[in-house]
Amino acid sequence: MDIACAFPTALDSPENIAVAESLGYSRAWVYDTPQQSPDVWMTLALAARRTSRIGLGPGVLVPSLRHPMTNAAATATLAALAPGRVAVAFGTGFTGRRAMGYRAITWAFMDAYLTAYRGLLRGETVEWEGTRMRMLHPDGHAPARPVDVPVLVAALGPKGNAVARKHGDGLYVTLQLPEFMGEYSWVPYLAWGTVLDEGEPVHSEHARLAGGPGWALAYHGAYEFGGPDAVRALPGGEEWLAVIDRTPADERHLSVHSGHCVELNEADRAAWNAGGHANLFDVTITGTRDQVRRKLDALAARGVTEIVFQPCGPNITAELERFLAAARS
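Just so it is clear, the structure is predicted and the values come from calculations on it, not from any experiment. (Residues numbered from 1 in each chain as written. Predicted model: local features only at pLDDT ≥ 70, side-chain atom pairs only at ≥ 80, totals over all residues. Heavy atoms only, no water.)

Asker: Before we go on, may I ask you to explain the packing of aromatic side chains in this structure?
Answerer: Scanning the entire structure with this criterion turns up 11 aromatic pairs. The interplanar angle of 5° and the centroid separation of 4.1 Å between the aromatic rings of phenylalanine 309 and phenylalanine 323 together place this pair among those described as stacked. Placement of the pair is phenylalanine 309 in strand β10 (residues 306-309) and phenylalanine 323 in helix α14 (residues 316-328), with a sequence separation of 14 residues. For the pair formed by phenylalanine 309 and phenylalanine 323, the shared burial category is buried. Pairwise contacts between aromatic rings join Phe90, Phe109, Tyr113, Tyr117 and Trp128 into one cluster. (Phe/Tyr/Trp six-rings, centres within 6.5 Å; stacked < 30°, edge-to-face > 60°. Helix = DSSP H or I, 4+ residues; strand = E, 2+ residues; numbered from the N terminus. Buried < 20%, exposed > 50% of the residue type's maximum accessible area, 1.4 Å probe, protein only.)

Right under this line is the structure:
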């Protein structure tokens, strides 16, 4: 299983990606979350200039945020800056849309978008929004077409699987492991957590800072996909809801997704302090070195071919080192 990493796009992401390369990580993915992040393509371009080996890509792009020509041109630019190192993943928009109050895009839209996007990279004339277009970049403005870049699709259900099989070179997964993973030879799995010292309690400050942001996604996801009752089933769920419910309904998504993958927001802290930390082991790849290694072995046995670890907390380098040591043990 390849050992990759991911970063919630930040101003220091290019330097963190360079550190990941020096440590031996195979690929770095960065998030397309403009409501809380710098531009994903600018960040990847800066990372390309600081690195020479590590794979690079957005994981995942949300189609509704950019015209397919814009993403095609950006993909071609990154492919020129980091030849042979680029892969691109697309998703329907968990935080990339829900944090702005929108629902996920439809799989029909994703199908049409990827048809246009991949056609543009091949140098074809495509139809989009009622008109015909083609990449017209002269020499020196983009690589010659076709621009051959692997595309992965983040899918959990049958509709997504159909689109991934039609357009994708792999399946990008997180939060859940779909039954159809075995149909794909490339399956990156995005995960969070931290490697604890022997005897370190699950409620330690290190566990909260480094494992907490990934743990909090269990509450964010439960709320978005299952509603308040799904959150109540989690330890500390009532305390989490009590904070969220103080926000007016039309702005509640802002409270839910604040601090996404970076830090605990007010509701997350309330749940953690009420005993929610008890399920840190269950919803993240957290544990001692041996426990983490066993979790990775179990993922590989289910069809994951690339573990994508997102480090959190005040010492990103130390988290990258801890996880890589566990993965290689």
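Asker: What is the right way to look at the pairing of β10 in this model?
Answerer: Every regular strand shows the same layout, with side chains that alternate between the two sheet faces. Residues of β10 alternate between two faces, with Glu306 and Val308 on one and Ile307 and Phe309 on the opposite face, all of them buried. Inspection of the sheet shows strand β1 (residues 2-7) paired to β10 by 4 bridges, in the parallel sense. Its bridge partner lying in β10, aspartate 2 is registered against glutamate 306. Of the pairings in the sheet, the one linking strand β9 (residues 188-191) to β10 comprises 4 bridges and is parallel in character. Within β10, the position partnered with proline 188 by the bridge is glutamate 306. (Pairing = 2+ DSSP bridges.)

Asker: Mind showing me how you'd approach the pattern of salt bridges here?
Answerer: Note on pairing: side chains with opposite charge can pair once their charged atoms come close. A complete count under the given rule lists 15 salt bridges for this structure. A salt bridge links arginine 208 to glutamate 205; the shortest N-O distance between them is 2.6 Å. Of this pair, arginine 208 and glutamate 205 both sit in helix α7 (residues 205-226), separated by 3 residues, roughly a single helical turn. Using a relative accessible area of 23% as the deciding quantity, one classes arginine 208 as partly exposed. Here arginine 293 and aspartate 297 are joined by a salt bridge, their closest N and O atoms 2.6 Å apart. Here arginine 293 and its partner aspartate 297 are both found in helix α13 (residues 289-301), 4 residues apart, which amounts to about one turn of the helix. If you follow the salt bridges from partner to partner, you end up with Asp32, Asp39 and Arg66 in one network. (Salt bridge = Lys/Arg side-chain N within 4 Å of Asp/Glu carboxyl O.)

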